[in-house]
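# Remarks on the overall topology
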Amino acid sequence: MSSLPSYAQDLGDGIFAIDTGFHRPVFDAAYLMVENGRAAFIDSGTNFAVPRLLATLEALGLAREAVEYVIPTHVHLDHAGGVGLLMQNLPAATAIVHPRGARHMIDPSALVAGATAVYGEEEMARSYGSIVGVPAQRVRESADGMSIDLAGRLLRFLDTPGHARHHHCIWDSRTRGFFTGDTFGLSYREFDTDKGPWLLPTTTPVQFEPDKLRESVQRLLAYQPECMYLTHYSRVRDVQRLGASLLEQLARLVAIGRGLKNAPDRHEALKRALLAEYVAITAAHGCRFSEAELTRLLGVDLELNAQGMGVWLDKEA
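A brief structural summary. (Residues numbered from 1 in each chain as written. Predicted model: local features only at pLDDT ≥ 70, side-chain atom pairs only at ≥ 80, totals over all residues. Heavy atoms only, no water.)

### Observations concerning the overall build of the chain
Using the following cut-off: Numbering of helices and strands runs from the N terminus, with a helix taken as a DSSP run of H or I at least four residues long and a strand as a DSSP run of E at least two residues long. Radius of gyration means the value over C-alpha atoms here, while the globule rule gives 2.2 Å times the residue count to the 0.38 power. For every residue, the accessible area (1.4 Å probe, protein chains only) is compared with the maximum for its type, and the residue is labelled buried under 20%, exposed over 50%, or partly exposed between those bounds. Contact between two residues is taken to exist if any of their heavy atoms lie within 4.5 Å; hydrogens are not considered. Positive charges come from Lys and Arg, negative ones from Asp and Glu, while His and the chain ends are left out of the count. Note that the charge is assigned to NZ on lysines, CZ on arginines, CG on aspartates and CD on glutamates.
Across its full length, the chain carries 10 helices and 13 strands. Relative to the compact-globule value of 20 Å for 317 residues, the chain shows a C-alpha radius of gyration of 19 Å, a close match. Along the first, second and third principal axes, the C-alpha atoms of the chain reach 55 × 45 × 35 Å. Buried residues in the chain amount to 56% of all 317 residues. The contacts in the chain between residues at least 6 apart in sequence include a share of 70% that link residues at least 24 apart. Positive and negative charge centroids in the chain, built from 31 and 38 side chains respectively, lie 3 Å apart.

### Quick notes on helix H7 (residues 210-221)
For an α-helix, the turn length of 3.6 residues means that residues three or four places apart are oriented alike. Quick note on the threshold: By definition here, a helix of n residues has an expected span of 1.5 Å times n minus one. Summarising the geometry, the arc corresponds to the directions from the helix axis toward the C-beta atoms.
When the terminal C-alpha atoms of H7 are compared, their 16 Å separation across 12 residues agrees well with the 16 Å that a helix rising 1.5 Å per residue should span. Considered for burial, the residues of H7 that qualify are Pro210, Leu213, Ser216, Val217, Leu220 and Leu221. Burial along H7 is one-sided: seen end-on, the buried residues are contained in an arc of 135°. The inward-facing, buried residues of H7 abut strand E9 (153-159), strand E10 (168-172), strand E11 (177-181), strand E12 (227-230), helix H8 (239-259) and helix H10 (291-316).

### Re unusual backbone geometry
Geometrically, the link from Pro205 to Val206 is a cis peptide bond, its omega value of 10° lying close to zero. If you trace the backbone, Val206 turns up in the loop between E11 and H7. Going from His232 to Tyr233, the amide bond is cis rather than trans, its omega being -10°. Take Tyr233: it is sitting in the loop between E12 and strand E13 (234-236). The phi dihedral of Asn36 is positive, around 50°, even though this residue is not glycine. Within the fold, Asn36 resides in the loop between strand E3 (29-35) and strand E4 (38-42). Residue Asn36 is classed as exposed on the basis of its relative accessible area, which comes to 62%.

### Some details on the pairing of E9
Using the following cut-off: Strands were regarded as paired on the criterion that DSSP finds at least two bridges between them.
Of the strand pairs in this sheet, strand E8 (residues 147-150) and E9 are connected by four bridges, and their pairing is antiparallel. In the strand pairing of E9, Asp149 is matched with Leu154. Counted along the chain from E8 to the antiparallel partner E9, the turn is two residues long, and its residue Ala151 has a positive phi close to 50°. Relative to E10, E9 is paired through five bridges, and the arrangement is antiparallel. Opposite Asp159, over in E10, you have His168 as the bridge partner.

### So, the environment of Leu32
Along the polypeptide, Leu32 turns up in strand E3. In contact with Leu32, other than residues within four places in its own chain, are Gly14, Ile15, Phe16, Ile18, Ala39, Ala40, Phe41, Thr56, Leu57 and Leu60.

Structure below.
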């Protein structure tokens, strides 16, 4: 076993967070779980993250054949874009995918077309590379309440729509934590203060459904989790406080959206309203960012959250 690469962090209990390098440092995480010499990846990042995932496995002295599962929380490309390429390098692994997302992991053409419509061809090539599918016989669909066994460690799947209809979260009873993908929001380490972490809901296109997201968050909180393993970014504790804040913010976003549903240049109006919301709430949390700094750190989220809210408002109308 060699030392871990600088982009991998040992969280204890056989869980390693791997910075995928997407957009900026500590923005996008994949997880490696190791139990009794067997392993599973939860989320993969993009194609460009695959060398980091494999290098972390090697640093831990594990053969590629030791990986039994690759589990994207949902099929958005920052979480699952690298699954096909990763699976090509893991001969014994099964991909476990939400039933609404499985066909997109097998044939990613519709997924790529949808993302290209949002990001454009140049950005798709730069950020995601060429997405490859997973052979159908290597894909297993999850089911709500289903459990799998990783060398004696049970992982349970919950169907958690709201951010996306193809989203599940994975419960690890060992650490009493959920791997939450984007269901439990985003928490960037730049916003940590002496009050702890801050997080915000993500409303990216095209399946943001606030009522379902609220129900999913409440369902996760009912487990009384001790921690959450977020894709953006890594493990957070103080879960009940964060959950309450997430639900409060979600209610405000719904009110903001409905208040601006007929606004001229609605997209820009939504972005301005979201930025004002973030300015106020981060200041109350003890952050000392200027509006320009917040725009730099949350620029991707401002754009995508406004897009997703627009799609939701149009559907609601």
